[in-house]
Amino acid sequence: MKLKIFFLLFILVFGLGFSQSKADLIEVENINKYSEIIDKDSKITKYQFQVKGKNKTIHYQYEKKGNEIVKISREWKENSNNWWELYNDYFLLKNGERVFASQSITYTNMSNAEDIVGWSVSFWIDKNKVIHMTSLGHGKTEMDDWDYESELKDNFNYMLKTVNNYDKNRKANNK
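Student: Quick rundown of the nonpolar core? Include the residues and the values.
Tutor: If you look at the biggest cluster of nonpolar residues, it comprises 23 residues, and the most contacted ones within it are Ile72, Phe91, Phe123, Leu152 and Val163. Of all elements in the fold, only strand 2 (57-65), strand 3 (68-80), strand 4 (83-94), strand 5 (97-109), strand 6 (115-126) and helix 2 (148-173) reach the threshold of two or more residues within this core. Broken down by element, the residue count for this core peaks at 5 residues, all from helix 2. If near-sequence neighbours (up to four positions away) are discounted, phenylalanine 123 is found in contact with Val99, Phe100, Ala101, Val130, His132, Met133, Trp146, Tyr148 and Leu152. In terms of nonpolar packing, the next biggest core, distinct from the first, is built from 12 residues, Ile44, Leu92, Val99 and Ile131 among them.

See below:
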């Protein structure tokens, strides 16, 4: 009797886990299709600006469809001994919510300008929760204590605030 109950519970738990994975993969595919549609949309308007800091200049780009921001990205370069480190953050938005994000660091040797991709990670997001993640190279994804949910939220909020401030000033200056 215990074996039958265990087997039944095992099937139930496995079935629920599998159905959740399948639902997540369907959502990942929907996000990928949405990204392709946004990339091909001729009604998208692109903007860019720079924020100069003490030791770096951050280059922002954002795209809007009407009044809705659909993409935000930023990149900056840092000097690390004989290497340039190029950092990149990107968010795809749908109805004002994050649906996809990526981060990367590309290392370039200053002496011969040869690129070495150091690390990249992509996140598919549904209802503000990461549902799928892929990573290449060595970086933060190998750290057990990396709180990527918190970092994504903080980066997104900061980037969105910066872009909204720029966009508000851009509109005011165009009047």
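Structure's up, so let's keep going.
Student: Before we move on, could you go through the pairing of strand 1 (residues 44-52) and cite the residues and values that matter?
Tutor: Pairing of strand 1 with strand 2 involves 9 bridges; the strand directions are antiparallel. Each residue of the ladder has a partner; that of tyrosine 47, found in strand 2, is tyrosine 62.

Student: So what about the environment of glutamate 78? Which residues, and what values?
Tutor: Its place among the elements puts glutamate 78 in strand 3. In sequence terms glutamate 78 and tyrosine 107 are 29 residues apart; their C-alpha atoms lie 9.7 Å from each other. If near-sequence neighbours (up to four positions away) are discounted, glutamate 78 is found in contact with Lys56, Trp83, Trp84, Glu85 and Tyr87. A distance of 3.4 Å separates polar atoms of two side chains, one belonging to glutamate 78 and the other to lysine 56.

Definitions and limits used
For every chain, the first residue of the written sequence is number 1, and numbering continues from 1 onward in sequence order. Given that this is a predicted model, residues contribute local features only at a pLDDT of at least 70 and side-chain atom pairs are listed and counted only at 80 or more, while totals for whole chains, interfaces and linings are drawn from all residues. Excluded from the side-chain calculation are hydrogens and water; included are all heavy atoms of the structure. The nonpolar core is taken to be a set of buried Ala, Val, Leu, Ile, Met, Phe, Trp, Tyr and Cys residues, with the residues joined through side-chain atoms within 4.5 Å. Summary of the burial criterion: residues with accessible area below 20% of their type's maximum are buried, those above 50% are exposed, and those between are partly exposed, where the area comes from a 1.4 Å probe applied to protein chains only. A run of DSSP states H or I qualifies as a helix once it reaches four residues; a run of E qualifies as a strand once it reaches two. Both are numbered from the N-terminal end. The criterion used for residue contact is that any of the two residues' heavy atoms lie within 4.5 Å. Note: two strands are recorded as paired if DSSP finds a minimum of 2 bridges between them. Here a polar contact is recorded for every N or O atom pair within 3.5 Å, except that within protein the pair must consist of a potential hydrogen donor and a potential acceptor, and residues adjacent in sequence are included only if both atoms are side-chain atoms.

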